Amino acid sequence: MRFDSATADRVTAAVFFALGAAMAWGGYVMDRLEIRQIHPASIPGLVPMILGGALMICAALLAINAPRTPRDPDEVESGSWGNFLFTLLWSCFYALVMVGRLEFAIATAIFITGFAGWFLVPAATDTPSRLKAAGFVAVFGIVAAVAISALFRYGFLVRLP
């Protein structure tokens, strides 16, 4: 199966832009809490509006850079399906098995470490480079999981599973 990667990037950008616009609009029309004398900046739709706007910006950047990203179709086909399958299965395993059974920060650290390790460690050519990459991935996974947990727990005041 051959495809034009620039066209695929443009289609993906259009889908992400529409999704971001829907998120931003949904957050904007969400009920406000002024009736309960809650500060207007704490509206429930604020985070979806910010994330929707960020997704629209990323989609626009993807669309702008799509024609300037030359790729060899054979290279894209050889590894993409395996990486896609890993991403799908690992994300489902995280959401359906790890979250809820393990503490959120631990499950997230395992997920991020496994995900980053899948892509970074095999790219290293020799054993010392692989060990260095594995160490970096482990530290990155732990730091990112702690930061994400702290952000949701203390920044967004969300009770984590």
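Conventions we followed
Residues numbered from 1 in each chain as written. Predicted model: local features only at pLDDT ≥ 70, side-chain atom pairs only at ≥ 80, totals over all residues. Heavy atoms only, no water. Helix = DSSP H or I, 4+ residues; strand = E, 2+ residues; numbered from the N terminus. Axes fitted to C-alpha atoms, helices over the stretch in contact; angles between N-to-C directions. Left-handed = near helix turned anticlockwise from the far one by under 90°. Contact = heavy atoms within 4.5 Å. Nonpolar A, V, L, I, M, F, W, Y, C, P; charged D, E, K, R; others polar. UniProt positions renumbered as here; feature names shortened; annotations may be inferred.

Draft legend 1. Representation of the environment of D9 within the structure. Note that D9 resides in helix α1 (residues 5-28). Remark: the alpha-carbon pair of D9 and L62, spanning 53 residues in sequence, is separated by 6.7 Å.

Draft legend 2. Here's a closer look at the packing of helix α4 (residues 104-120) against helix α5 (residues 127-155). In contact at an axis separation of 8 Å, α4 and α5 are set at 145° when each is read in the N-to-C sense. Our pair here, α4 against α5, has a crossing hand that is right-handed. Contacts between α4 and α5 involve F104, A105, T108, A109, I112, T113, A116, G117 and L120 on the former and, on the latter, A133, F136, V137, A138, F140, G141, I142, A144, A145, I148 and S149. For the contact of α4 with α5, the residue count by class is 15 nonpolar, five polar and no charged.

Draft legend 3. Spotlight on the UniProt feature "transmembrane region" (unreviewed entry) in the chain. As recorded in UniProt, the feature "transmembrane region" (unreviewed entry) lies at residues 12-30, 42-66, 78-97, 104-121 and 133-156. Spanning residues 12-30, this segment combines 89% helix with 0% strand, and its end C-alpha atoms are found 27 Å apart. Taken end to end, residues 133-156 is 96% helix and 0% strand, and its two terminal C-alpha atoms sit 32 Å from one another.

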